Amino acid sequence: MTAPVPIPRFDTISDYHRYWSVCVPVLSINPRFLHIALDLCNTCNLRCSFCYLSLPAFRGKAIFLTAESIHRHLQHLLPFTRRLCLSCGYEPLASPHFTEILSSLAPYHIPQLDLVTNATLLSEDKIEAIIKNGVQTLRFSLDAADKTTYESMRHGACFETVIANIKRLAVRKKELGSRTPSLAMIVVLMQSTLHQLKDLVDLAKELGVASITMQHLIPFPGLHMEAQVITEKDAAPYDALIGPLHEYAQKNRIFLSAPNPFHPNPPRLDGWLLPLRSRASRLCQAIVNAQMNPSQNMQDITYGIINHGLRLVRRAYCPAHPFCRNPFNYIIMTPEGRAKACPYLDDAWLKVFDSGMPLTSVFLGDEYQALRQIMMDGGPHPAPCLKCPDCQLLNTKKRI
Ligand code: SF4
Ligand code: SF4
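Across its full length, the protein carries 16 helices and 10 strands. Long-range contacts, defined here as pairs at least 24 residues apart, represent 76% of the contacts in the protein between residues at least 6 apart.

The sheet built from 10 strands is open, its strands ordered 7-6-5-4-3-2-1-8-9-10 with mixed pairing. In this open sheet, the two edge strands, each paired with only one partner strand, are strand 7 (255-257) and strand 10 (351-352). The pairing of strand 1 (residues 34-38) with strand 8 (residues 330-334) spans 4 bridges and is parallel. Residue pairing for strand 8: Leu38 is matched across the bridge by Met333.

This paragraph deals with the environment of Leu245. Along the chain, Leu245 falls in helix 8 (residues 235-251). Residue classification places Leu245 among the partly exposed residues on the basis of 18 C-beta atoms within 10 Å. Sequence separation between Leu245 and Leu197 is 48 residues; the distance between their C-alpha atoms is 7.8 Å. Residues within four places of Leu245 in sequence aside, it is in contact with Leu197, Lys198, Val201, Leu256 and Ala258.

Before going further, it helps to spend a moment on the site of ligand 2. Taken together, 12 residues sit near ligand 2, with Cys324, Cys342, Tyr344, Cys385 and Cys388 positioned nearest. For the shell around ligand 2, a count of residues per class yields 10 nonpolar, 1 polar and 1 charged.

Before going further, it helps to spend a moment on helix 4 (residues 124-132). The set of residues buried in helix 4 consists of Lys126, Ile127, Ile130 and Ile131. When helix 4 is viewed along its axis, its buried side chains cluster within an angular range of 130° and face the same direction. Across from the buried face of helix 4, at angles greater than 90 degrees, the exposed residues are Glu124 and Asp125. Those residues of helix 4 that are buried lie in contact with helix 3 (98-105), strand 3 (112-117), strand 4 (137-141) and helix 6 (159-176). Gly134 sits one or two positions beyond helix 4 and adopts a positive phi of about 80°.

What follows covers the packing of helix 2 (residues 67-74) against helix 3. At a closest axis distance of 9 Å, the pairing of helix 2 and helix 3 adopts a crossing angle of 40°. Considering the relative orientation of helix 2 and helix 3, their crossing is right-handed. Residues Ala67, Ile70 and His71 of helix 2 pack against Glu100, Ile101 and Ser104 of helix 3. Split by residue class, the contact of helix 2 with helix 3 holds 3 nonpolar, 2 polar and 1 charged.

Our focus in this paragraph is the nonpolar core. In terms of nonpolar packing, the biggest core is built from 75 residues, with Ile36, Leu77, Met185, Ile212, Ile331 and Leu359 touching the most fellow members. Residue contributions to this core peak at 6 residues, all from strand 5 (residues 182-189). Every residue in contact with Ile331, bar those within four places of it in the chain, is listed here: Leu34, Ile36, Ala339, Ala341, Leu359 and Phe363. Counting residues in hydrophobic clusters, the runner-up holds 5 residues, among them Cys51, Ala144, Tyr150 and Met153.

The next subject is helix 3. Restricting attention to buried positions, one finds in helix 3 the residues Phe98, Ile101, Leu102 and Leu105. Projected down its long axis, helix 3 shows its buried positions confined to an angular sector of 100°, all on one face. On the buried face of helix 3, the contacting elements are helix 2, strand 3 and helix 4.

Next up on the list: the pairing of strand 4. In terms of strand pairing, strand 3 meets strand 4 through 4 bridges, oriented parallel. Counted as the bridge partner of Asp114 is Thr137 from strand 4. Between the parallel elements strand 3 and strand 4, the chain passes through helix 4 in a crossover that is right-handed. Alignment of strand 4 against strand 5, held across 5 bridges, turns out to be parallel. Across the sheet, the residue bridging to Thr137 is Ser182, located in strand 5.

Moving on to the confidence of the model for the protein. Summing up the model confidence of the protein, the mean pLDDT is 88 and the portion of residues at 70 or higher is 90%. Predicted confidence is poor over residues 393-400, with pLDDT under 50, and the contacts of this stretch with residues over four places away or in other chains come to 16 contacts.

With that settled, the discussion passes to the pairing of strand 3. Examined bridge by bridge, strand 2 (residues 81-86) and strand 3 share 4 bridges and lie parallel to one another. Counterpart to Leu84 in the pairing with strand 3 is Leu113. On the question of chirality, the crossover connecting strand 2 to the parallel strand 3 by way of helix 3 is right-handed.

Basis of the calculations
Residues numbered from 1 in each chain as written. Chains lettered and ligands numbered in written order. Predicted model: local features only at pLDDT ≥ 70, side-chain atom pairs only at ≥ 80, totals over all residues. Helix = DSSP H or I, 4+ residues; strand = E, 2+ residues; numbered from the N terminus. Contact = placed C-beta atoms within 7 Å. Pairing = 2+ DSSP bridges. Buried ≥ 20, exposed ≤ 12 C-beta atoms within 10 Å, placed from the backbone. Near = placed C-beta within 6 Å. Nonpolar A, V, L, I, M, F, W, Y, C, P; charged D, E, K, R; others polar. Arc of directions from axis to C-beta. Axes fitted to C-alpha atoms, helices over the stretch in contact; angles between N-to-C directions. Left-handed = near helix turned anticlockwise from the far one by under 90°. Core = buried A, V, L, I, M, F, W, Y, C linked by C-beta atoms within 7 Å. Right-handed = clockwise from strand over helix to strand, strands pointing away. pLDDT = per-residue confidence, 0-100.

Here it is as structure tokens:
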């Protein structure tokens, strides 16, 4: 067995990127390679029945990041950022600094600036800031198509307010002649909403939603939501529902992503064609929408062609074992000053940083380096990696 080769350390992000894209091609050669998930605050105006924020233990003193503190932490990383997602586990619109933060991010021209929200606090000034400062996708949570069911889960929310807010955003987009942000609906699947998924697609169509993402409820300990989880015992109704639902969404020109059936049928020809058709339609949508500025768009196409052309050569320089790329291009940052490479890693892999510290030193620092070394060596992995829901998918050999 050969001894592990220590990976090099770097002082700047551009040197780091050059090494991991050219010498060891883990990353694309596009200098916009980072994905940052940033919580603007550590609070939320709702107390959803399935969310850990319903538990008193998670209600601490509210902390709100300011535009100035974000600039201090991220100024050297934002020019390399491809995707910035505002919110990871809290409500970004609860921040009193929201509009100021958005304006301060605009000069960085981040290709994918996304917002995840419960849409209850979408006031007129926030809508204006979202459209004018280049938010590309607004992902909002709506798990039920009727008021009673929705409000019984989303404690503190008003169904009519959410619908009115989303409609107001769509009207303002039209008035300003803006294609963005595109609207994406996030749905947590539960026993109590399973019967109204088709109604949700109808509601999405009425609201001008481009895509719906459905995900299973993961019960948080202490919230007693286990009975709401859709499990193998619901395979028959769930499997019977989900195929036709995909067809219905497609007929309504909505891209639907939902958990696979528990017992999928053997693939048929149209089963193979469906994903291809949906990929092609997403590609066309991306070209038509041209959500990035033209030079960014051109740059992406150029780097895409170069990466594709070099694929065979580049594969030879990557480890043969499957490994995860998150430690190479992903940062989650919380307002309490914590950073880590993915949501699944526990405190042992969390870097606590102080308010004056740029995140570059965290990204190029010890914890990230140790994780990258493990990925390059093929182990020994931290415990969360061994039961990671994404791990088996992240085979860089297939993805470069
Ligand atoms: S809206 Fe989101 S962050 Fe707020 S309580 Fe509900 S699930 Fe939690
Ligand atoms: S394998 Fe999973 S747990 Fe480990 S770093 Fe990657 S995403 Fe995180």
